[in-house]
Amino acid sequence: MGKKAKYKLPGGHNASGETPFDTAMRETLGEAGVTVTNLKLVDKWEHKNTKTPHWKCLFVGELSESRSMSLNSQNEENEGEESEFFTIGEFSNLVREKKFLGDHYDQLVYTKLIEPILEVVAT
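Residues numbered from 1 in each chain as written. Predicted model: local features only at pLDDT ≥ 70, side-chain atom pairs only at ≥ 80, totals over all residues. Heavy atoms only, no water.

### Quick look at the pattern of salt bridges
Taken as a whole, this structure holds four salt bridges when the rule is applied. In this structure, the salt-bridge partner of E31 is K8, at a minimum N-O distance of 3.1 Å. Of the two residues, E31 sits in helix α1 (residues 20-32) while K8 sits in the segment before α1, which places them 23 residues apart along the sequence. Linked by salt bridges that have partners in common, E18, R26 and E27 make up one network. (Salt bridge = Lys/Arg side-chain N within 4 Å of Asp/Glu carboxyl O. Helix = DSSP H or I, 4+ residues; strand = E, 2+ residues; numbered from the N terminus.)

### Describing the packing of aromatic side chains
By the definition in use, this model includes three aromatic pairs. On the basis of an interplanar angle of 55° and a centroid distance of 4.8 Å, the ring pair of F21 and F59 is categorised as tilted. Of the two residues, F21 sits in helix α1 while F59 sits in strand β2 (residues 54-66), which places them 38 residues apart along the sequence. Judged by its relative accessible area of 37%, F21 falls in the partly exposed class. (Phe/Tyr/Trp six-rings, centres within 6.5 Å; stacked < 30°, edge-to-face > 60°. Buried < 20%, exposed > 50% of the residue type's maximum accessible area, 1.4 Å probe, protein only.)

### Description of unusual backbone geometry
Backbone geometry follows two general trends: most residues other than glycine have a negative phi, and most peptide bonds adopt the trans configuration. Of note, the phi angle at N38 is positive, near 50°, even though the residue is not glycine. With respect to the element layout, N38 can be found in strand β1 (residues 34-47).

### Focus on a nonpolar patch on the surface
Nonpolar side chains collect at one region of the surface, where F21, M25 and L41 lie side by side and expose about 250 Å² of accessible area between them. Residue position: L41 is located in strand β1. For L41, a relative accessible area of 44% gives the class partly exposed. (Patch = residues over 30% accessible without salt bridge, like charges linked within 9 Å, V, L, I, M, F, W, Y side chains within 5 Å. Areas by Shrake-Rupley, 256 points an atom, 1.4 Å probe, with all protein chains shown as cover.)

### Focus: the side chain of Q107
Structurally, the position occupied by Q107 is in helix α4 (residues 102-110). Among all residues touching Q107, those that are not within four sequence positions of it are D43, W45 and L58. (Contact = heavy atoms within 4.5 Å.)

### Side note on the nonpolar core
In this structure, Y7, L58, F91, L94, V95, F100, Y105, L108 and I117 together form the largest nonpolar core, which totals nine residues. Elements with a minimum of two residues in this core: α3 (88-96) and α4. Looking at this core element by element, the count peaks at three residues for α3. (Core = buried A, V, L, I, M, F, W, Y, C linked by side-chain atoms within 4.5 Å.)

In structure tokens, the structure reads:
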């Protein structure tokens, strides 16, 4: 069994009555400590590898502000995660070393938000 990826995109389940856009904004603020605006839906697909199938959505948006990392770690949406920002080169290394969640990377490539990184074997 391989190592578990250390990095992933922010995400989570919607709260009662919450739209997918509201969920994306809440989870990004809670997990990454950044406020996003101008969200656009890029892709939506049914995730069936769980007990109860559900839909996943991928959004892009603009970062409008960020919080102190220490404030972010106290947010109720944060699950003990620490956010980090990377250069393109650093991100490429994380993907090659399988430290970035494989299905998140695959979805970024599939939607053409990023170019495939050479020498990466699909997970």
